[in-house]
Amino acid sequence: MAFTSPYQKPGRWFKGNLHTHSTQSDGELTPDQVIAWYDDHGYDLIAVSDHWVLSKGQTIRPDLITLTAAELHGAGYHLLTLGLTELPPREWADDPQRIIDALKAQGALCYIAHPYWTGQSSAEVMALQNLDGLEAFNAVCEESKGNGHSRVHWDDCLAAGRQLTGLAVDDSHWHRPWQGIGYVMVRAPQLTEEAILSALAQGDFYSSTGPVIEDLGVLQNAHGEWEAYVRCSPCREIIFYTAAQRGRRIAAADGELISTARLALHPQMRYVRVECRAADGGVAWANPIYLAETS
Ligand SMILES: [Zn+2]
Ligand SMILES: [Zn+2]
């Protein structure tokens, strides 16, 4: 089993919001005010991802950094990109694959933003090569339109063999109090842009609107069968998403909470990913474990 659990890697957890806007595009706060808000609310890293504006990452203090970021968009898609060195030409905007290829050549990370809100189908996301992931949850889309959850897009892509991580982000614009909702917890040896981007690229993070994922992995039980397991903060339910019709939802008994769950793995399962849902509606999304080697 090749899975290396980020939950057991050396390092620390760093809390970050990877998608927010400022007065550089259509947000109401200046970049400095945006960074100050997240600093005041316990975040370690922030990406100011304005539309077609490159914001350079900077070390503000040893315990507070920003990542180089931008949000690009064209016909039928929005793309969150981190760690880029320069913006692609705006004339390419309606050719997302050309944009992604140019960004990947710079070593940047590329995530499809809020596909459900955009009206982008799973097939349209799947047609794009070289993506790092997508936004499984976007707080502003959820708060304003109720379409911030893109888990079906994610599972459709995973079931088709795409290896995509899932982000939870705020996409804060500061017109309404919709910030501090969706975030990533990144496991990295240190708080530098290079270390955080590397951890994001490797999937060494989980996303959340509240619950904590403490451990996740696969093991062989006493009968030699493979199982996926998760341990999390007390939740109402834990759901394993995997091949169509083979997942499992494990709910706590009335008035109770659960903090562990297991799923027996089946050769038809290409991947397994876990969502932990708290009693207050908060959700944590683990990145997928790819299971091809167990089948
Ligand atoms: Zn967008
Ligand atoms: Zn945005």
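Scroll up a little and you will see the structure.
We now turn to the structure provided with this report. (Residues numbered from 1 in each chain as written. Chains lettered and ligands numbered in written order. Predicted model: local features only at pLDDT ≥ 70, side-chain atom pairs only at ≥ 80, totals over all residues. Heavy atoms only, no water.)

In this section: the coordination of the zinc ion (ligand 2). On the protein side, the zinc ion (ligand 2) has His 19 (NE2), His 21 (NE2), Glu 71 (OE) and Asp 171 (OD) as donor atoms, found 2.0 to 2.2 Å from it. Around the zinc ion (ligand 2), the four donor atoms are arranged such that angles at the metal cover 79 to 166 degrees; this shape is classified as irregular. Each donor residue of the zinc ion (ligand 2) belongs to the same chain, and together they define the spacing H-x1-H-x49-E-x99-D. Between the two metal centres, the zinc ion (ligand 2) and the zinc ion (ligand 1), the spacing is 3.5 Å, with Glu 71 acting as a shared donor. Residue His 19 is found in the loop between strand 1 (12–17) and helix 1 (31–40), and its partner Glu 71 is found in strand 5 (residues 69–74); the two are separated by 52 residues along the sequence. Judged by its relative accessible area of 0%, Glu 71 is buried. (Donors = N, O, S within 2.8 Å, 3.2 Å for Na, K, Ca; no water. Tetrahedral: all angles 85-135°; square planar, octahedral: opposite > 155°, others 65-115°. Helix = DSSP H or I, 4+ residues; strand = E, 2+ residues; numbered from the N terminus. Buried < 20%, exposed > 50% of the residue type's maximum accessible area, 1.4 Å probe, protein only.)

Here we come to the coordination of the zinc ion (ligand 1). On the protein side, the zinc ion (ligand 1) has Glu 71 (OE), His 78 (ND1) and His 114 (NE2) as donor atoms, found 2.0 to 2.2 Å from it. Expressed as a motif, the donor residue spacing for the zinc ion (ligand 1) is E-x6-H-x35-H.

On to helix 7 (residues 193–202). Looking at helix 7, one finds that the buried residues are Ala 195, Ile 196, Leu 197, Ala 199 and Leu 200. Where helix 7 terminates, the next one or two residues include Gly 203, which has phi positive at roughly 80 degrees.

Spatial strand order, 12-13-16: three strands in an open sheet with antiparallel pairing. Only two strands of the sheet have a single neighbouring strand rather than two, namely strand 12 (213–220) and strand 16 (258–264). Geometrically, the sheet is characterised by an average inter-axis angle of 15 degrees between neighbouring strands, direction not taken into account. When strand 12 meets strand 13 (residues 226–235), the two strands line up antiparallel, connected through seven bridges. In the strand pairing of strand 13, Gly 217 is matched with Tyr 229. (Pairing = 2+ DSSP bridges. Axes fitted to C-alpha atoms, helices over the stretch in contact; angles between N-to-C directions.)

Further remarks concern the nonpolar core. Across soluble globular proteins, you tend to see nonpolar side chains buried next to one another. Ranked by internal contacts, the top residues of the largest apolar core, which has 36 residues, are Val 230, Ile 238, Phe 240 and Cys 276. Going through the elements one at a time, helix 1, strand 10 (183–188), strand 12, strand 13, strand 14 (237–241), strand 16, strand 17 (271–277) and strand 18 (283–286) are the ones with two or more residues in this core. Discounting chain neighbours no more than four positions away, the residues touching Phe 240 are Ala 228, Val 230, Gly 247, Arg 248, Ile 250, Ala 261, Arg 262, Leu 263, Val 272, Arg 273 and Val 274. In terms of nonpolar packing, the next biggest core, distinct from the first, is built from 32 residues, Leu 79, Leu 128, Trp 154 and Ala 168 among them. (Core = buried A, V, L, I, M, F, W, Y, C linked by side-chain atoms within 4.5 Å. Contact = heavy atoms within 4.5 Å.)

On their own, these measurements won't tell you what the molecule is for.
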